[in-house]
Amino acid sequence: MPDVSRSTLYTRLNGTVPRNKAHEDQQNLTYAEEQELAQWISQMTRVNHAPSHSMVRHMAEVIQSRRVRNVNDEFVQYVNYKPIGDKWVSRFMNRHPQLQTIIPRPIEAARVEDTSYEALKQ
């Protein structure tokens, strides 16, 4: 069991909301939606299809649009969310340290030369 300070326990018992839930109204996704997105990223990574930042942003927009699926119709938009920004993914990754961004390394020049048409034909 993790060590939790007495003051944290005291404030929680007196009704203080945890930080991750206190600011949900200011975030693009709720805490539960972010957990769902983090789980999707982990699952995609386990099957060797790690999503790019643009894919993560698109999936966040899909999750966000599911909220209004039964409210909006094809002709009238009763609820409209602003699009998720470019820096949102990096802030999301900071909030979920179990996820990591991996920058692919460029293929070595020798390997590229060996995959030319002539080399493959031989």
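All of the points below concern the structure found in this document. Since we're looking at a predicted model, the values are computed, not measured.

A few words on the overall build of the protein. Helix and strand content of the protein: seven helices and zero strands. In the protein, which comprises 122 residues, the share counted as buried stands at 18%. Here the contacts in the protein between residues at least 6 apart in sequence split such that 52% fall between residues at least 24 apart.

Glancing now at helix α4 (residues 53-66). With 14 residues, α4 ought to run about 20 Å at 1.5 Å a step, and its terminal C-alpha atoms sit 20 Å apart, in line with that. Here α4 has its buried residues at V56, A60, I63 and Q64. The arc that holds every buried residue of α4, seen down its axis, measures 100 degrees, which confines them to one face. Where α4 is buried, its residues contact α3 (31-46) and α5 (88-95).

To continue, consider unusual backbone geometry. Phi is positive for N48, which is not a glycine, with a value near 60 degrees. Within the fold, N48 resides in the loop between α3 and α4. N48 sits in the exposed class, given a relative accessible area of 68%.

Taken as a class, soluble globular proteins show a tendency for nonpolar side chains to be buried jointly. Counting residues in hydrophobic clusters, the biggest one holds 14 residues, and the most contacted among them are L37, I41, V56, W88 and F92. Taken together, the elements giving at least two residues each to this core come down to α3, α4 and α5.

Further remarks concern the packing of aromatic side chains. Per the counting criterion, the structure on display carries one aromatic pair. Where W88 meets F92, the ring centres are 5.1 Å apart and the plane angle is 15 degrees; that geometry is what we call stacked. Residue W88 and its partner F92 are both found in helix α5; the two are separated by four residues, about one turn of the helix. For W88, a relative accessible area of 2% translates into the label buried.

Turning our eyes to something else, we now look at the environment of S65. Along the chain, S65 turns up in helix α4. Separated by 16 residues in sequence, S65 and Y81 place their C-alpha atoms 8.0 Å apart.

In this structure, S90 sits in helix α5. Once the C-alpha coordinates of S90 and T101 are considered, the two residues, eleven residues apart in sequence, prove to be 9.0 Å apart. Of note is the side chain of S90, whose polar atom sits 2.9 Å from the backbone oxygen of K87.

Calculation notes
Residues numbered from 1 in each chain as written. Predicted model: local features only at pLDDT ≥ 70, side-chain atom pairs only at ≥ 80, totals over all residues. Heavy atoms only, no water. Helix = DSSP H or I, 4+ residues; strand = E, 2+ residues; numbered from the N terminus. Buried < 20%, exposed > 50% of the residue type's maximum accessible area, 1.4 Å probe, protein only. Contact = heavy atoms within 4.5 Å. Expected span 1.5 Å × (residues − 1). Arc of directions from axis to C-beta. Core = buried A, V, L, I, M, F, W, Y, C linked by side-chain atoms within 4.5 Å. Phe/Tyr/Trp six-rings, centres within 6.5 Å; stacked < 30°, edge-to-face > 60°. Polar contact = N/O pair within 3.5 Å; in protein donor to acceptor, adjacent residues only side chain to side chain.

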